[in-house]
Amino acid sequence: MTDPGAILDVFRDAGALLEGHFLLASGMHSPTYLQCALVLREPSRAERVCGRLAYRFADAGIQTVIGPAIGGIVVAHEVARALGAKALFAERQDGSMTLRRGFAVEAGERVLLAEDVVTTGGSLREVQQMVTAAGAEVVGVAALVDRTSGRDPGFGMPLVSLVKIDVPTYQADDCPLCREGVPLIKPGSRVVPGSG
Ligand SMILES: [Zn+2]
């Protein structure tokens, strides 16, 4: 499962990658729906996929994996499991990414940052700065999915991902799929029997 096609199949099997005409949480419309949480909801699948990502850092001496909440929590945990490292998550407090709950990094600690999907990389850059300011060393940045579409997320090091996926988005009033009359689907919505 090292080639991007196989990874995409895993996403499709999990219902995490759909093609059609979707209303995204942002209000934008898109022909692609991507939801990593649907891959990660099955622990055995999460372990397998994240293990493939961890493999890329097998010789990097990673001591700690940190993911930004919420998307990075499970990925960091599963990557850390594969590497025999610690798993922490960073969360936003008063607008800044911080380590809470007794989490900390030490000077010189070798840290891998992990995320489910990287689009702009903003949260990861914040975590990187926070970790670096604490004296630890960010030795890699990993994500299941690279959605940067070729833009540099600004980590100063390569973003290592399992697969690159482009998710085009359109304003609701300027959507070619709407113009073609393709039915709009709100992902995750379904009629629950008996719900009335
Ligand atoms: Zn549309």
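All values reported here derive from a predicted model rather than from experimental measurement.

**Q** Would you mind going over the coordination of the zinc ion with me for this structure?
**A** For a metal with four donors in a tetrahedral arrangement, the ideal angle between donors is 109.5 degrees, while six donors in an octahedron ideally sit at 90 or 180 degrees. Surrounding the zinc ion are the protein donor atoms His-21 (NE2), His-29 (ND1), Cys-175 (SG) and Cys-178 (SG), at 2.1 to 2.4 Å. In this structure, the zinc ion is coordinated by four donor atoms arranged in tetrahedral fashion, with angles at the metal of 94 to 121°. Mapped onto the sequence, the residues coordinating the zinc ion show the spacing H-x7-H-x145-C-x2-C. Remark: Cys-178 occurs in helix α6 (residues 176–179) and His-21 occurs in strand β1 (residues 17–23); sequence separation between them is 157 residues. Note on His-21: relative accessible area 1%, which makes it buried. Judged by its relative accessible area of 34%, Cys-178 falls in the partly exposed class.

**Q** Even after reading the chapter, I still don't get the state of the cysteines, so can you show me in this structure?
**A** Here a disulfide denotes one covalent bond, and it connects the sulfur atoms of two cysteines. Applying the stated criterion across every chain, the model contains zero disulfides. Cysteine Cys-36 remains unbridged, with the sulfur of Cys-50 as its closest cysteine sulfur at 9.0 Å. Overall, Cys-50 belongs to the buried group, its relative accessible area being 0%.

Calculation criteria
- Residues numbered from 1 in each chain as written.
- Predicted model: local features only at pLDDT ≥ 70, side-chain atom pairs only at ≥ 80, totals over all residues.
- Heavy atoms only, no water.
- Donors = N, O, S within 2.8 Å, 3.2 Å for Na, K, Ca; no water.
- Tetrahedral: all angles 85-135°; square planar, octahedral: opposite > 155°, others 65-115°.
- Helix = DSSP H or I, 4+ residues; strand = E, 2+ residues; numbered from the N terminus.
- Buried < 20%, exposed > 50% of the residue type's maximum accessible area, 1.4 Å probe, protein only.
- Disulfide = S-S within 2.5 Å.

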